[in-house]
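# Summary of the model geometry
This is what each chain is made of:
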Amino acid sequence: MMAQIFDQIGRWAAFQMEPEKAHGLAIAALKSGLLKPRAHIADACLSVDVAGLSFPNPVGVAAGFDKNAEAYQPLLNLGFGFTEVGTLTPRAQVGNPKPRVFRLEADKGVINRLGFNNEGHAPAHAQLLRHRPTGLVGVNIGANKDSEDRVADYVAGIEVFADVASYFTVNVSSPNTPGLRDLQTRENLRVLLDQVGDARARAEAASKRKPPLFLKIAPDVTEGDLDDICQEVLDQGLDGMIVSNTTLSRAGLTADKDEAGGLSGKPLFDRSTIALAKVRQRVGKELALIGVGGIDDAPSALMKIRAGADLIQLYTGIIYQGPHVAQEICTGLQKACQSEGVKRIGDLRDSALDDWARRVLAP
């Protein structure tokens, strides 16, 4: 109860600030130790084994929250089963002009046009090397906005972080870097994944480590796009996919918000879950899928799992529900296992797959 009260007070105070400043203070609070660690719920029903990794629970932090690998350990200490740093580009970049983050409180959403603002590969790698995490930390890699060879930027990410990444996410789905989503077209994706795969193979030969490789896609795709993307993922032997990034659609908002950028949070839930289910239909039962978009409580997390997700990630949900949302979701998932009479949360995966997959993926 006290933790909930402090969460509410902290949320109220944060919402009096400009969103990006509030986020910076949240990272500072995590780094300072102001947010006390919370014990993981030790229940075998929550564990998930996919892509050669063992996750203590399926609830993770999406990329974008800890862009520069500053707060991964405090986030793990709050009960998250894993977290993902980045998006990281080879060279530091400031991103798009401010203001560039906008809360939509009535809809529990956020619009951002940050533009891969980060400090670059070197500082993040040094941090991960110096302070090895006690849990699973993925590295989300991208390309600099002014890069002359974007594929080479992704290859550099594999080469730099191969010795510290629990897994890699190839992010070709941000709407805030002009032309980036063009890498989702089949021919471009084939070139990218081929070279990224070669880079991982070289890193494996040198270090004997082979971090799993995930592709993060946008929800603003057609059925034909999904056919091509999923087939290419299977052909290239990737370990999984993350569905999805933010959307350019404004469907589901109760009020117009005339700001450019990607929309996340509750309004994204249906669109991203439909895309997730359709991806699961195309890739089969074995490929690992991480569901992202609109999750902020146990029922929404469970629905993502029922629609085909092995794991789920939050970002906007942390903003609106507070830092202890991971424990609350895990408690709810634990109760779901008990009420459904299953041994593992993964046993509930795909139980609503057909319902979601038959829905229309709106343009």
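For the structure, check the block above.
Residues numbered from 1 in each chain as written. Predicted model: local features only at pLDDT ≥ 70, side-chain atom pairs only at ≥ 80, totals over all residues. Heavy atoms only, no water.

Turning next to the sheet that holds strand β6 (residues 109-112). Read from one edge of the open sheet, 3 strands run β5-β6-β11, paired in antiparallel fashion. A single partner strand is all that each edge strand has here, and the edge strands are β5 (101-104) and β11 (262-265). Averaged over all adjacent pairs, the angle separating strand axes in this sheet is 20 degrees, with direction ignored. Taken together, the 4 bridges between β5 and β6 define a ladder with antiparallel strand orientation. Within the sheet, the bridge partner assigned to leucine 104 lies in β6 and is glycine 109. (Pairing = 2+ DSSP bridges. Helix = DSSP H or I, 4+ residues; strand = E, 2+ residues; numbered from the N terminus. Axes fitted to C-alpha atoms, helices over the stretch in contact; angles between N-to-C directions.)

Here helix α8 (residues 269-283) spans 21 Å end to end across 15 residues, near enough to the 21 Å set by a 1.5 Å rise per residue. Within α8, 12 of the 15 residues are buried, leaving the element largely enclosed by the surrounding structure. Every buried residue of α8 is listed here: Phe269, Arg271, Ser272, Thr273, Ile274, Ala275, Leu276, Ala277, Lys278, Val279, Arg280 and Val283. Glycine 284 sits one or two residues past α8 and shows a positive phi near 90 degrees. (Expected span 1.5 Å × (residues − 1). Buried < 20%, exposed > 50% of the residue type's maximum accessible area, 1.4 Å probe, protein only.)

As a further point, take helix α5 (residues 150-161). Its 12 residues give α5 an end-to-end C-alpha distance of 17 Å, which sits within 8% of 16 Å, the value for a rise of 1.5 Å per residue. Here α5 lies mainly inside the structure; 9 of its 12 residues are buried. Within α5 the residues assigned to the buried category are Arg150, Val151, Asp153, Tyr154, Val155, Ala156, Gly157, Ile158 and Phe161. For α5, the secondary structure elements touched by its buried residues are β4 (82-88), α4 (121-130), β7 (136-141), β8 (167-171), α6 (186-207) and β9 (213-217). (Contact = heavy atoms within 4.5 Å.)

By the element assignment, glutamine 334 lies in helix α11 (residues 325-340). Setting aside residues up to four positions removed in sequence, glutamine 334 forms contacts with Ile41, Asp43, Cys45 and Leu46.

Turning to the pairing of β6, a few remarks are in order. Because side chains alternate across β6, one face comprises the buried residues Gly109 and Ile111, and the other comprises Val110 and Asn112, equally buried. Counted between consecutive antiparallel strands, the loop separating β5 from β6 contains 4 residues, among which lysine 108 sits at a positive phi close to 55 degrees.

A few words on the packing of α8 against helix α9 (residues 298-306). The N-to-C vectors of α8 and α9 enclose an angle of 25 degrees; their axes lie 9 Å apart at closest approach. Regarding the angle of α8 to α9, the classification is roughly parallel. Across the interface between the two elements, Phe269, Ser272, Thr273 and Leu276 of α8 pack against Ser300, Met303 and Lys304 of α9. Its residues assigned to classes, the contact of α8 with α9 shows 3 nonpolar, 3 polar and 1 charged. (Parallel < 35°, antiparallel > 145°, perpendicular 65-115°, else oblique. Nonpolar A, V, L, I, M, F, W, Y, C, P; charged D, E, K, R; others polar.)

Attention now moves to unusual backbone geometry. With omega at 10 degrees, the peptide bond leading from glycine 86 into threonine 87 counts as cis. Here threonine 87 lies in strand β4. Of note, the amide linkage connecting valine 243 to serine 244 takes the cis form, showing an omega dihedral of 15 degrees. Note that serine 244 resides in the loop between β10 (240-243) and β11. For alanine 69, which is not glycine, the phi dihedral falls at a positive 55 degrees.

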